[in-house]
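# An overview of the molecular structure
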Amino acid sequence: MNLRFCEGLTDTGLVELALGVGKSLKSLGVAACAKITDISMEAVGSHCRSLETLSLDSECIHNKGLLAVAQGCPTLKVLKLQCINVTDDALQAVGANCLSLELLALYSFQRFTDK
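Quick summary incoming for the structure in this document. Since we're looking at a predicted model, the values are computed, not measured. (Residues numbered from 1 in each chain as written. Predicted model: local features only at pLDDT ≥ 70, side-chain atom pairs only at ≥ 80, totals over all residues. Heavy atoms only, no water.)

## Some details on the environment of Lys-115
In this fold, Lys-115 is placed in the segment after strand E4 (103–106). Of the residues examined, Lys-115 reaches a relative accessible area of 67% and is grouped as exposed. Placed 26 residues apart in sequence, Lys-115 and Asp-89 show a C-alpha to C-alpha distance of 9.4 Å. (Helix = DSSP H or I, 4+ residues; strand = E, 2+ residues; numbered from the N terminus. Buried < 20%, exposed > 50% of the residue type's maximum accessible area, 1.4 Å probe, protein only.)

Below is the structure:
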């Protein structure tokens, strides 16, 4: 499901989507949705256990949201991130929990270190 550039999309809408179709959702793209926060990613982590592809471009997502996805979506194969507020801790959680990951693309990160 491609929700890129759905400027009116809110946490309420994405949480409802995760609750409604999360079990069967395999792919999710979210970009340029300024009203999407960690709350949405927590719902994705809780209800989208079969998610294989996630493309996320948001300044409003922090470690909490990505940690929820990493812990709740163990079948992720493709993860594309452009989230300037995510740090090493979230990336370490992805590495530890997403053992099926085949592609990890990181764009415009300011808070990653050599760690």
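Now that the structure is up, let's keep going.
## Concerning the sheet that holds strand E2 (residues 53–57)
Spatially, E1-E2-E3-E4 is the arrangement adopted by the four strands of the open sheet, whose pairing is parallel. Looking along the sheet, the strands with just one partner apiece sit at the ends: strand E1 (27–31) and E4. With strand direction ignored, the average angle separating the axes of adjacent strands in the sheet is 5°. The sheet contact formed by strand E3 (residues 78–82) and E4 spans four bridges and is parallel. Counterpart to Leu-79 in the pairing with E4 is Leu-104. (Pairing = 2+ DSSP bridges. Axes fitted to C-alpha atoms, helices over the stretch in contact; angles between N-to-C directions.)

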